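Tertiary structure, described
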Amino acid sequence: MSLEVDQLTHSYGTELAVDSVSFGLEEGELVALIGPSGCGKTTIVQAIAGHVQPTAGRISLRGRDVTGEPPEERHVGIVFQQPTLYPHMCVSENVAYGLTARGLDRQQRTQRVNQYLELVDLCDQRDTYPSELSGGQQRRVEVARALAPQPDVLLLDEPLSALDRQLRERLREEIARIQDETGVTTLFVTHDQEEAMALADRLLVMNDGHISGSGTPRTLYRSPRTQFVASFLGRSNTFSATVVARKPLILRVGEREFTRSDEVVTVPEGTSVTCHVRPADVSIRPPARTVADETVLSLPGEVVSVADIGCRYDVTVQTTTGHEFVVETAERSPREGDKRTIELPRDRITVFESGGGGRGGSTALPETSF
């Protein structure tokens, strides 16, 4: 394993920033560390790089404990959120910075610089100074500089956050290409869910100093294990249901009851549980067209707002149960005040025991289909 973080804990004075975080990165893996601002992402990156000495825990690179070692003795490359190029050095000098410490002679340094400038497609700017480069070009120089020493792990700490959307998307594609060509083990830190899901082999979702979920982007999106992950990754409708019986499990939403066979909950009958369903999974139908269907949960309601997003409509429906649902549809939109029935595919509903999630959210039930 290229990187192992074991029970990492760090406090700033009396404020606990990271609490007993453990994870690992396999050789060549690109993992995104994602979460809201202030959840501890940057503290973890700084601890791995050696710029923060953790309060407790262990960090290992290729099986070697580096927790107490200074940054220069760790084989880690890093690109920070803010630009860090030396303004008095040209592009090639910036990329070469740090190679002397690796024991490379002048010819080897020149070859290495050429190799990584070619990788980021900046050979023609080798004699250019940072002030003459665009923001995207500066980011690419920093990636080349971080990769030139051929580190064991590359750390990218929100490197695209200061760029406009179009440039972010282009550089995101560049980072994916570079990581694929070099095979460098990469930890990509971001608060942007789309960015993380587009780039990463695996996601680590942080909340309040803890890892709240871990898995492939599709797995975490479709089968989130905590209520926080369900609400953080993409958009999610939330509604409550009541446990009517436990064996077999029967849930009630308004006047509608449905059974979940072969499932177990720990909460007693009469307890409210929280359900999540993605807006893209919800259908909307005129009441007259609604038919009995055991695969969906049908709830009648009224359209309270419609937002034209361009490629779709976001239709908000308030059901007779008192819940509001956003429905994504590309079809002709209804108008405010129209009566509609929404249909929730039961196998797309994720259920959580309210208040049972401990760190980072509620606990998901073993399965998610009714």
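What comes next is a walk through the structure. (Residues numbered from 1 in each chain as written. Predicted model: local features only at pLDDT ≥ 70, side-chain atom pairs only at ≥ 80, totals over all residues. Heavy atoms only, no water.)

1. Thoughts on the overall build of the protein chain
Secondary structure summary: the protein chain contains 8 helices and 21 strands in total. Projected onto its principal axes, the C-alpha positions of the protein chain cover 80 × 45 × 35 Å. For the protein chain, the residues scored as buried account for 50% of the 370 residues in total. Contacts in the protein chain between residues far apart in sequence, at least 24 positions, make up 66% of those at least 6 positions apart. In the protein chain, 39 positive and 53 negative side-chain charges are present, and the distance between their average locations comes to 2 Å. (Helix = DSSP H or I, 4+ residues; strand = E, 2+ residues; numbered from the N terminus. Buried < 20%, exposed > 50% of the residue type's maximum accessible area, 1.4 Å probe, protein only. Contact = heavy atoms within 4.5 Å. Lys, Arg positive; Asp, Glu negative; His and termini not counted. Charge placed at Lys NZ, Arg CZ, Asp CG, Glu CD.)

2. Topic: the pairing of strand S19 (residues 339–345)
Of all 7 residues in S19, 6 are buried; the element is thus mostly enclosed. Where strand S16 (residues 296–308) meets S19, 7 bridges bridge the pair, whose relative direction is antiparallel. Pairing of Leu299 across the sheet is with Ile342, part of S19. (Pairing = 2+ DSSP bridges.)

3. Some details on the pairing of strand S6 (residues 76–79)
Burial along S6 is two-sided: Val76 and Ile78 and Gly77 and Val79, pointing in opposite directions, are all buried. Summarising the sheet, S6 and strand S7 (residues 153–157) pair through 4 bridges and their orientation is parallel. Among the inter-strand pairings, Val79 is bridged to a residue of S7, identified as Leu156.

4. Topic: helix H4 (residues 135–147)
The first and last C-alpha atoms of H4 sit 19 Å apart over 13 residues, in line with the 18 Å expected at 1.5 Å per residue. The inward-facing, buried residues of H4 abut S6, helix H2 (91–96), helix H3 (106–119), S7 and helix H5 (165–182). (Expected span 1.5 Å × (residues − 1).)

5. A few points about the nonpolar core
Val95, Val141, Leu147, Phe188, Leu203, Val205 and Leu233 are the most contacted members of the largest nonpolar core, which totals 41 residues. If you tally residues by element for this core, the top one is H4, at 5 residues. The contacts of Leu147, once residues within four sequence positions are left out, are Tyr116, Leu119, Leu154, Ile178 and Val184. Of all hydrophobic cores here, the second largest spans 27 residues; its members include Leu25, Ile44, Val189 and Met206. (Core = buried A, V, L, I, M, F, W, Y, C linked by side-chain atoms within 4.5 Å.)

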